[in-house]
Amino acid sequence: MSKKTKTFPLPLSSVMGRSSFEKPDYFGNRSRFDSVTVDGRPGKRKTDVPESKPVRFQGAGLNGPVASKTLRSMTERLARAGIADTVVLNAIGQIPRHLFVEPGLSGQAYEDVALPIGAHQTISKPSTIAKMLEALRAGSRQPCMKKILEIGTGCGYQAAILAKIANEVYSVERIKSLHELARRNLRSLRIANLRLHYGDGMLGLPQVAPFDGIIVAAAGVQVPDALLDQLAIGGRLVAPIGLERQTLQLVERVSENKWESTVLDDCHFVPLRRGTV
Ligand code: SAH
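What you see is a predicted model, and the numbers here were worked out from it, not measured in a lab. (Residues numbered from 1 in each chain as written. Predicted model: local features only at pLDDT ≥ 70, side-chain atom pairs only at ≥ 80, totals over all residues. Heavy atoms only, no water.)

Caption draft 1: Fine view of the overall build of the protein chain. Helix and strand counts for the protein chain stand at 7 helices and 11 strands. Out of the 277 residues in the protein chain, the part that is buried amounts to 53%. Long-range contacts, defined as pairs at least 24 residues apart, comprise 59% of the intrachain contacts of the protein chain with a sequence gap of at least 6. Summed over all atoms, the accessible surface of the protein chain reaches about 13000 Å², with 51% contributed by carbon and sulfur. (Helix = DSSP H or I, 4+ residues; strand = E, 2+ residues; numbered from the N terminus. Buried < 20%, exposed > 50% of the residue type's maximum accessible area, 1.4 Å probe, protein only. Contact = heavy atoms within 4.5 Å. Areas by Shrake-Rupley, 256 points an atom, 1.4 Å probe, with all protein chains shown as cover.)

Caption draft 2: How the structure looks around the site of the ligand. Not every one of the 26 residues close to the ligand is listed here, only the nearest: S124, G152, E173, G201 and R273. With respect to the ligand, the side chain of E173 contributes an N or O atom lying 2.6 Å from an oxygen atom. For the ligand, a nitrogen atom lies 3.4 Å from a polar atom in the backbone of R174. Out of a free accessible area of 580 Å², the ligand has 99% covered by protein chains. Considering each element in turn, the shell around the ligand owes the most residues, 3 residues, to strand β4 (residues 121-123). (Near = heavy atom within 4 Å. Polar contact = N/O pair within 3.5 Å; in protein donor to acceptor, adjacent residues only side chain to side chain.)

Caption draft 3: Highlighting the environment of S140. Tracing the sequence through the fold places S140 in the loop between α4 (126-137) and β5 (145-151). Under the relative-accessibility criterion, S140 is labelled partly exposed at 23%. Separated by 53 residues in the primary sequence, S140 and V87 have C-alpha atoms spaced 9.3 Å apart.

Printed below as a string of structure tokens:
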């Protein structure tokens, strides 16, 4: 790691309220952390409920109108559960989740559950995705962020949603079979502003950095340094951190050398792993 001083905590420090410590990162390097911002939940929430527009699905396993209605009731449930950002709700409401799960599981596609997608991985719970996107957008009134990086494409569901809230989305997956699955799943949606990459997301995507948003869909013991470095100043990163006990954390890059972290919630994600398979 460079000589930069990074104001960014590990989860235990956040939970335990420690303000300064050193710990080895994933690569055995030592990172220095100076202060911690832990204030529980993110700031103000808007209270308006979104208009849920009906969505037409073609080539869907579920009958189109039924899927559309079910998707609409899913977003209404998310709104009732406290998701207030209408941009997030509308984005989720435009992506048919059953297209991203095996036909045998499509009956559960609109329930708020994680489901298997193969290779021991899962599609995230809609409520978890909604919470992460809300934190990433920070209550912004702008409909679109500029450039987002997702680590952990999986089946491509969250990537498709991200493409509705950002001008450019890059998503990296380390398991070849899932990278290809995501490509197949996304084909019919014809999303022009989404690029899928096969590789180790712990290295980020330096060739297209910096990002104004980074979202990590798998839990590591800390945020990889490469991702902190590739976050634009003023940018926000949301990641699950921890092994058995995990918390969802928001990291904001406040200056060239300073990152601040906020613990948002407990969570449960598959592990972030190094390398490709
Ligand atoms: N975004 C998905 C969630 C996929 S689960 C959704 O829409 O529901 C998390 C994914 O992270 C898994 O597919 C896993 O293979 C991937 N992953 C774990 N470590 C990774 C790494 N270092 N780089 C890229 N992907 C990784």
